[in-house]
Amino acid sequence: MTKIIGLGNALVDVLVQIGDNTLLEQLQLPKGGMMLIDDAQYKRIGNMLTDIDTSRATGGSAANTILALSAVYDGTVFVGAVGADTYGSFFREAQQSRGIDSRLVECTTKHTGVATTFISPDGERTFATHLGASAMIDPRAIPYRKGDVLHIEGYMVQNHQLTEQVLRKAADEGMTISYDLASWNIVQSDRDFIQRMVCEYVNIVFANEEEAAAYCQTNDMEAAVEQLAADADIAVVKLGKSGALVRRQADGQSVFVPTAPQDKVVDTTAAGDFFAAGFLYGYVTGQSLATCLAYGHRTAGEVIQVLGTQVTPERLRAAIEAAKPQ
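The structure displayed is predicted, hence computed values, not measured ones.

Draft legend 1. How the structure looks around the sheet that holds strand E14 (residues 253-258). Strand order in the open sheet made by the nine strands is E6-E5-E1-E9-E10-E11-E12-E13-E14, with mixed pairing throughout. Both outer strands of the open sheet, strand E6 (101-107) and E14, are each paired with one neighbouring strand and no more. Neighbouring strand axes in the sheet, compared pairwise and without regard to direction, differ in orientation by 15° on average. As paired strands, strand E11 (residues 204-208) and strand E12 (residues 234-238) are joined by five bridges and run parallel to one another. The residue bridging Val205 from the neighbouring strand is Ala235, located in E12.

See below:
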């Protein structure tokens, strides 16, 4: 069986529902983006949230994708790092309970990474991420094997050396490399490096409209998906409520699939990650590009109806079943 291996930051999401953008402005956080914060900022946010109700869920982009995949696919692996603390235990136990081969390095000098996730009334989420132990990934924990899929999150880009080392090794071993651009402001600030990684190593690239625009320097999404496919091979551009585009450069095939309307949008946290899970499930099971997109829409559609990533495996399996070609 082809394994799908996720590599990324092992984070616990602390979820905060906000009524307006006041708190984001006070903290100088770009709405809809992700900002890395230091110890002082982490403590400041913690103090500001003392009297505000919060909840927690496992997080991290690649970890979310593997979590969703584990509901419908047996060969899932996650490689990351956590602290020797209660959040680390929470993360590990959540993965193991879903049958994920959880290869977590335990760091005794840093606490488990936390992504404080501010959820706006429109369901948009903004992340203030304190990496903590999550940045202490040991690439030796990655089970490199020809034919398997390595799914890596764009947030890893803060460590150029590790990112390139892992991608080069995976490419040399004959793995299929899947890369999620992760956040428009990350792409904007490190575009040259990211573009080089995609061109040299990546086979499948995922982007939303903002990320594609930042990468391709255009707001024309048809042109963007064409450029991304030329750099990788398979490019997926998610168009929010409208649907998604995919292009495969090898045979020139391009497909658009509209998304099914949702009656309820509670929280868009992990929507892109769950979309990637559905698409990759279709990819490794040999489905058409259109079916891969349909799977992605279904899995993303489930997670936006709940707070955080707490979708039951039964709901995800039913979503995939409903999208299977007749």
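On we go from here.
Draft legend 2. The arrangement of the nonpolar core in detail. One finds Leu7, Ile194 and Leu228 to be the most contacted residues of the largest nonpolar core, which totals 50 residues. If we skip the residues at most four places from it in the chain, Leu228 touches Val205, Ala207, Ala212, Tyr215, Cys216, Asp233, Ala235 and Val237. The next biggest cluster of nonpolar side chains, apart from the first, holds 44 residues, and it includes Tyr73, Val82, Val149 and Val255.

Draft legend 3. Representation of the sheet that holds strand E8 (residues 125-130) within the structure. Read across the open sheet, the five strands follow the order E3-E8-E7-E2-E4; overall the sheet is mixed. Edge positions in the sheet fall to strand E3 (34-36) and strand E4 (55-59), since each has one partner strand and no second. Averaged over all neighbouring strand pairs, the angle between strand axes comes to 25°, with direction disregarded. Pairing analysis gives six bridges linking strand E7 (residues 113-119) to E8, with the strands arranged antiparallel. The partner of Phe118 across the bridge, within E8, is Thr126.

Draft legend 4. Spotlight on the packing of aromatic side chains. Inspection of every chain in the model, using the stated rule, returns four aromatic pairs. Consider the rings of Tyr73 and Tyr281, whose centres lie 6.3 Å apart with planes at 75°: the pair is edge-to-face. Here Tyr281 lies in helix H10 (residues 271-284) and Tyr73 lies in the loop between helix H3 (61-69) and strand E5 (76-83), a separation of 208 residues in the sequence. Here Tyr73 and Tyr281 have matching classes, each one buried. Their ring planes at 35° and their centres at 5.6 Å tell us that Tyr281 and Tyr295 sit as a pair that is tilted. Placement of the pair is Tyr281 in helix H10 and Tyr295 in helix H11 (residues 289-303), with a sequence separation of 14 residues. As far as the burial class goes, Tyr281 and Tyr295 line up, both buried.

What counts and how
Along each chain, residue indices are assigned from 1 in the same order as the chain's sequence is written. Per-residue local features are limited, in this predicted model, to residues with pLDDT of at least 70; the limit for side-chain atom pairs, both in listing and counting, is 80 or more; totals at the level of whole chains, interfaces and linings are taken over all residues. Side-chain calculation: all heavy atoms of the structure are included, whereas hydrogens and water are not. Paired strands are those between which DSSP finds at least two bridges. We count a stretch as a helix when DSSP gives it H or I for four or more residues in a row; a strand needs E for two or more, and each element gets its number in order from the N terminus. Between the N-to-C directions of two axes lies an angle of 0 to 180 degrees, each axis being a line fitted to C-alpha atoms and, for a helix, fitted only over the stretch in contact. Side-chain atoms within 4.5 Å link the members of a nonpolar core, which is a set of buried Ala, Val, Leu, Ile, Met, Phe, Trp, Tyr and Cys residues. Buried, partly exposed and exposed residues are distinguished by accessible area as a fraction of the type maximum, computed with a 1.4 Å probe on protein chains only: under 20%, between the cut-offs, and over 50%, respectively. Between two residues, a contact is recorded if the distance between any of their heavy atoms is within 4.5 Å. We call Phe, Tyr and Trp rings a pair once their centres come within 6.5 Å, taking the six-membered ring for Trp, and we label the pair stacked below 30 degrees between planes, edge-to-face above 60, and tilted otherwise.

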